[in-house]
Structure formats: structure tokens, C-alpha cells
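# Observations on chain architecture
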Amino acid sequence: MPFLQLILVLLAGVSTAGQEPQVPRLRERVEVARVLVDARVLDGGGQPVTGLGPDDFDVRIDGRRARVESAYWVGGDSAPPVPPLPGEAATAARPDEARGRLIVFIFQKDLEPSRIVGLMRMLIETRTFLDSLGPDDRVAVLSFDSRLKIWLDFTRDLEAVREVLRRGILFENPPRVEPVASPSLMATLDVVRAGRAASMEDALALLGQALEPIPRAKSVVLVGHGFGRLFGSSIVYDPSYGEARRALQAARASVFALDVTDADSHTLEAGLQMTARDTGGFYERTHLFTKAAVNRLAGALAGHYVLFVEVENPLDRERHEIDVRLARGRDGTVFAKRGY
């Protein structure tokens, strides 16, 4: 080795001999996801509990506590738009919470004596319920017997709704319904598949898929007798219920199931209870205390909280479970979807 190169190698060895080995720095990476959850809170009398804030809710995602970043009350047709998430531009204020509610009524029709009397009773009570709606609220009407039928796209014309409830559901066939200006159910509903829907599970899946593109919270009032089939000692459901649950949850559509069956309990009520529980609504029997059930429905639809929930390092799974409760010391019952 030439003398000059030898000198350079020796100097390099001297310059590094006194240095400690470099230890790579480890940085903890925290992934944060934000989940939007609609939550309704009712007191013991079925009336909405207002005035709650983020600290009044206890939210768990996949069994782990998640921080509620903000909680906004959206109350009926007088609600202001929901402010943007922290960090969003002010111009990003969410138009999906615009004034007025979107309510879908779906009536399950059956002429069996223990069901038809209750259905007729609820058609009358629903006409009365319409009196509680405001001028900006929109209502769509569907029914299901052997297939899914569409009577009205979202409309503010409550007199047209009353006429359908008065005669159409029981005695007539629906006319051809054209899409209305946005928001429109008919613009996204698969009418061909609706005509072939063979089960209530199929009908709910189609409804959820149609509502999903509409970017705001919706309420689905299911007036019926239930669904599912008794197989041995178990209730089985059509495979399409999985898609119905996914689509309704993604659409922010809470199902409020009003059971018209003249019985204190029956097998098919399990389908109504499951759908309401999964989507953030509730189940009520109507054969004894009809007006109380309708009043509770009015209380639930009077308003809801929009919760922005922060989830750190979300689990890598296809479906996530949600559990929303009130914090300790708060009174009321929370209704929110069970997954996303």
C-alpha cells in the first residue's frame, strides 16, 4: 500500500475510535381515525335529552375507549349545519345536516287477522304523527308484501302522504314514481330489484343501498310484523340481511320498528328488534299502548347528536363494533348504530 494511503487509513481509524456506535432512534407511530356516530338520547318518558357535550358520552370502538372529539345537537327542522371537524377549513361546513329531516316509512302488509288490525291502527296513528313534522321535513313512503313498492319519493307534501296512508297502502297499487330533486330516493333505488325483492331482508338491503349516497342522517320507520324463519329452535334470516345492516349503517339510517302484531311476544319480532338495535333505533310493540309508542317515536325523531369520535390505532378488521353510552352520572338511554 502506498505510504500516503496508509496514513489516511490510520487517521480514519483514529477519528472513529473514540465514537460510540450510533443507535437508531425509534419513533412511535400513532394512526388516528375519525368516526361519525349519530346518537339519540331519550329520558324515561321518551323525550330527547338535550344539552349534552363530548364528556357526557362514553364511546368504545372494538372494546377500547375512544375519545369523543365533539358532540353537536341537530334538532329537527331548525338545526344549523354541523361545524367542520377540527383542522378543516371553515368553508367545509357540512351541508349534510341542513334543515329538515328525512324520514322513510315502510309498511309491511299482511292480511293475517293478528296483523292487519294493528296495521290499520298504525296507518291512522301515523297520519296523526305527521302533524308533528315541520315545513322543511321530507317523507318517503314504501310498502312490502310480496315485493317492495314505492309510493312516494321524498316530499314535503304531507297531504299526499296522508292520502297514501288513508287508501293506498291497503286498497291500491302505487303509480309510477319519478325521481324528485335532491335528495331523492328514486334516483338511487334499483326499481327492477325492488320488484323482485322476495323478503323483508331484501327490501331493507335495497333501501339501505338507495339511502347510502344521500349524505345526511335519516330515520326509517318500519311498521310491520317482523321477519325471519323458525328453523328448529332458532330464527334464521336471509343472507341479504348482512348487506342490509352494512348499507343502513353506512347510510346513517336508524330503523325504528313498530310491531303491529296483536301479541305480547312472537317469533318474528326478533328480526325487528335486531334491525333496530344494529342501526341505532328502537323496537316498540303497538297493540296495547299505541299512542305511547308513537309519542316515543316523535321524541326520538325530534333531534340527535352527531359525535365525532377519535380512534387511535384502529384494529385492522373488516367490521368494527361500536358501543355508545352516557358517562357515569348521566341519566338517559342512548340509541346508536352498533358497528361500521
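Here the structure is shown first, and the text comes after it.
As the structure is a prediction and not an experimental result, all values here were calculated from the model.

Quick look at the pairing of strand β7 (residues 218–224) now. Among the seven residues that make up β7, seven are buried, leaving the element largely enclosed by the rest of the structure. Here strand β4 (residues 102–108) pairs with β7 via five bridges, running parallel. Bridge pairing links Ile-103 to Ser-219 in β7. Of the pairings in the sheet, the one linking β7 to strand β10 (residues 253–259) comprises seven bridges and is parallel in character. Counted as the bridge partner of Val-223 is Leu-258 from β10.

Turning to the packing of aromatic side chains, a few remarks are in order. Applying the stated rule across the entire model yields ten aromatic pairs. Between Phe-57 and Tyr-305, the aromatic rings sit 5.4 Å apart at their centres with planes inclined by 65°, giving edge-to-face as the arrangement. On the criterion of sequence distance, the pair formed by Phe-57 in strand β2 (residues 57–61) and Tyr-305 in strand β12 (residues 304–312) is long-range, its members being 248 residues apart. A connected cluster of aromatic rings, assembled from ring pairs, spans Phe-57, Trp-73 and Tyr-305. Seen from the ring of Phe-282, Arg-296 lies directly overhead, with NZ or CZ sitting 4.4 Å from the centre.

The next thing to look at is unusual backbone geometry. Where the residue is not glycine, phi is negative for most of them; where a peptide bond is considered, it is trans in most cases. The peptide bond linking Ser-182 to Pro-183 adopts the cis configuration, its omega dihedral lying at 0°. Here Pro-183 is to be found in the loop between α3 (158–171) and α4 (191–196). A positive phi angle, near 55°, is found at Asp-62, a position not held by glycine. Tracing the sequence through the fold places Asp-62 in the loop between β2 and β3 (64–74). Taking relative accessible area as the criterion, Asp-62 reaches 14% and is therefore assigned buried.

This part is about the sheet that holds strand β1 (residues 32–42). Read from one edge of the open sheet, six strands run β13-β2-β3-β12-β1-β14, paired in antiparallel fashion. Unpaired on one side and paired on the other, β13 (322–326) and β14 (333–336) mark the two borders of the sheet. Along the sheet, successive strands turn relative to each other by an average axial angle of 35°, direction set aside. In the sheet, β2 pairs with β13 via five bridges, with the strands oriented antiparallel. Within β13, the position partnered with Phe-57 by the bridge is Leu-326.

The strand order across the open sheet formed by six strands is β6-β5-β4-β7-β10-β11, and the pairing between neighbours is mixed. In this open sheet, the two edge strands, each paired with only one partner strand, are β6 (148–155) and β11 (283–285). Across the sheet, the mean angle from the axis of one strand to that of its neighbour is 15°, orientation sign disregarded. Here α3 sits on the sheet and contacts β4, β5 (138–144) and β6; the angle it forms with β6, its principal contact strand, is near 165°.

Within the largest apolar cluster, 37 residues are counted, with the highest numbers of intra-cluster contacts made by Val-104, Leu-148, Phe-154, Leu-185, Leu-211 and Val-220. Mapped onto this core, the elements with two or more residues apiece are β4, β5, β6, α5 (200–211), β7, α6 (240–250), β10 and α7 (269–279). Considering each element in turn, this core owes the most residues, eight residues, to α5. If we skip the residues at most four places from it in the chain, Val-104 touches Ala-140, Leu-142, Phe-154, Leu-207, Leu-211, Ser-219, Val-220 and Val-221. The next biggest cluster of nonpolar side chains, apart from the first, holds 32 residues, and it includes Phe-105, Phe-129, Val-221 and Leu-297.

Under the definition given, this model contains two cavities of 30 Å³ or more. Approximately 50 Å³ is the volume attributed to the second largest cavity. Forming the boundary of the second largest cavity are Asp-38, Leu-248, Gln-249, Arg-252, Ala-253, Ser-254, Thr-279 and Lys-337.

Listed as buried for α6 are Ser-240, Tyr-241, Ala-244, Ala-247, Leu-248 and Gln-249. Taken together, the buried residues of α6 touch α5, β10 and α7. After α6 finishes, the residue Arg-252 shows a positive phi value of roughly 55°.

A word on α5. A rise of 1.5 Å per residue sets the reference length of α5, with its twelve residues, at 16 Å; its end C-alpha atoms lie 16 Å apart and thus fit the reference within 8%. Most of α5 sits inside the fold, with ten of its twelve residues counted as buried. Within the sequence span of α5, burial applies to Met-200, Glu-201, Ala-203, Leu-204, Ala-205, Leu-206, Leu-207, Gly-208, Ala-210 and Leu-211.

Scoring rules and cut-offs
- Residues numbered from 1 in each chain as written.
- Predicted model: local features only at pLDDT ≥ 70, side-chain atom pairs only at ≥ 80, totals over all residues.
- Heavy atoms only, no water.
- Buried < 20%, exposed > 50% of the residue type's maximum accessible area, 1.4 Å probe, protein only.
- Helix = DSSP H or I, 4+ residues; strand = E, 2+ residues; numbered from the N terminus.
- Pairing = 2+ DSSP bridges.
- Phe/Tyr/Trp six-rings, centres within 6.5 Å; stacked < 30°, edge-to-face > 60°.
- Lys NZ or Arg CZ within 6 Å of the ring centre and 35° of its normal.
- Axes fitted to C-alpha atoms, helices over the stretch in contact; angles between N-to-C directions.
- Contact = heavy atoms within 4.5 Å.
- Core = buried A, V, L, I, M, F, W, Y, C linked by side-chain atoms within 4.5 Å.
- 1 Å grid on protein atoms, 1.4 Å probe; cavity = no way out; pocket = protein on both sides within 12 Å on 5 of 7 lines; lining within 4 Å.
- Points joined across faces, edges and corners; volume = space filled by probe spheres on them.
- Expected span 1.5 Å × (residues − 1).

By themselves, these observations are geometric and do not establish any function.
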